[in-house]
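The residues making up each chain are set out below.
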Amino acid sequence: MVVSLFVLFFAFRSHSDINNYDPSAAPMCGDEVMTPRDTCWFAEGDGSYEGQKDEAAKQHRIDLWIRDIGFIASPALFVGGILLIVWGTRRVRAARQPVQE
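Right, let's walk through the structure included here. (Residues numbered from 1 in each chain as written. Predicted model: local features only at pLDDT ≥ 70, side-chain atom pairs only at ≥ 80, totals over all residues. Heavy atoms only, no water.)

## Considerations on the packing of aromatic side chains
Scanning all chains against the criterion turns up two aromatic pairs. Measuring from centroid to centroid gives 5.3 Å for F9 and F10, while their planes differ by 65 degrees, and the two rings are edge-to-face. With a centroid separation of 5.2 Å and 70 degrees between ring planes, the pair formed by F12 and F71 is classed as edge-to-face. Of the two residues, F12 sits in helix α1 (residues 2–20) while F71 sits in helix α2 (residues 49–96), which places them 59 residues apart along the sequence. Judged by its relative accessible area of 32%, F71 is partly exposed. (Phe/Tyr/Trp six-rings, centres within 6.5 Å; stacked < 30°, edge-to-face > 60°. Helix = DSSP H or I, 4+ residues; strand = E, 2+ residues; numbered from the N terminus. Buried < 20%, exposed > 50% of the residue type's maximum accessible area, 1.4 Å probe, protein only.)

As C-alpha cells, then:
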C-alpha cells in the first residue's frame, strides 16, 4: 500500500509538470530563458535552442506516460494491498483455529 502512495505521488508530480508545459514558450537553461542564439552548456544533448525545445517536448511525453500509468497503477496497487491483507489475516485466523474431531 505504501508503494501505491509513492506511485500516486509521482503521478501528481508529473501532472503538475504537464500543466506547466507550454510548447510555444522559449526553453530554459537553468533558471534563465534562452534566445535562439543561445547555447546551454548545462544541458543534455547539443545545448542549442532547438535541442532544448526538443528535450522539453521529450520530457513532456515522458510526464504524460508517468501520469497515465501512475493514475491507473496506484489504485490497482492499493486495492491489491488491501486484498493481500484481508487474505493474509484470513489465513492466519484459519491456522489458529483448533481442528475439530
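## Comments concerning the pattern of salt bridges
This model, assessed by the stated rule, comprises one salt bridge. Put simply, D68 and R67 hold a salt bridge, and the shortest N to O gap is 3.0 Å. (Salt bridge = Lys/Arg side-chain N within 4 Å of Asp/Glu carboxyl O.)

## With respect to the state of the cysteines
Throughout the structure, instances matching the rule amount to one disulfide. For C29, the disulfide goes to C40, at an S-S distance of 2.1 Å. One quick way to see it: the torsion about the S-S bond of C29 and C40 is about 75 degrees, and its sign makes the bridge right-handed. Placement of the pair is C29 in strand β1 (residues 28–29) and C40 in the loop between β2 (32–33) and α2, with a sequence separation of eleven residues. Looking at C29, the relative accessible area reads 19%, which means it is buried. Overall, the relative accessible area of 5% leaves C40 in the buried class. (Disulfide = S-S within 2.5 Å.)

## Digging into the packing of α1 against α2
One way to put it is that α1 packs onto α2 with a least axis distance of 8 Å and a crossing angle of 150 degrees. The orientation of α1 with respect to α2, classified from their angle, is roughly antiparallel. Two packed elements cross with a definite hand, and for α1 against α2 that hand is left-handed. Note on element contacts: α2 touches α1 through H60, D63, L64, I66, R67, G70, F71, A73, S74, L77 and F78, opposite V3, S4, V7, L8, F10, A11, F12, S14, H15, D17 and I18. (Axes fitted to C-alpha atoms, helices over the stretch in contact; angles between N-to-C directions. Parallel < 35°, antiparallel > 145°, perpendicular 65-115°, else oblique. Left-handed = near helix turned anticlockwise from the far one by under 90°. Contact = heavy atoms within 4.5 Å.)

## What to know about α1
Compared with an ideal rise of 1.5 Å per residue, which puts 19 residues at 27 Å, α1 spans 28 Å between its outermost C-alpha atoms and is within 8% of the ideal. For α1, every residue scored as buried is listed here: S4, A11, S14 and I18. Considered in projection along α1, the buried side chains sweep an arc of 90 degrees and stay on one side of the axis. Projecting away from the buried face of α1 at angles above 90 degrees are the exposed residues V2, L5, F6 and N20. (Expected span 1.5 Å × (residues − 1). Arc of directions from axis to C-beta.)

## Structural notes on α2
Residues lying three or four places apart along an α-helix face the same way, a consequence of the helix completing one turn every 3.6 residues. With 48 residues, α2 extends 68 Å from end C-alpha to end C-alpha; this agrees with the ideal 70 Å at 1.5 Å per step. At G70, α2 is deflected by roughly 25 degrees, the largest bend along its length. Three or more residues of α2 are buried, namely Y49, G51, Q52, H60, D63, R67, G70, S74 and G81. Where α2 is buried, its residues meet α1 and β1. (Bend = angle between axes of the 7 residues up to and from the residue.)

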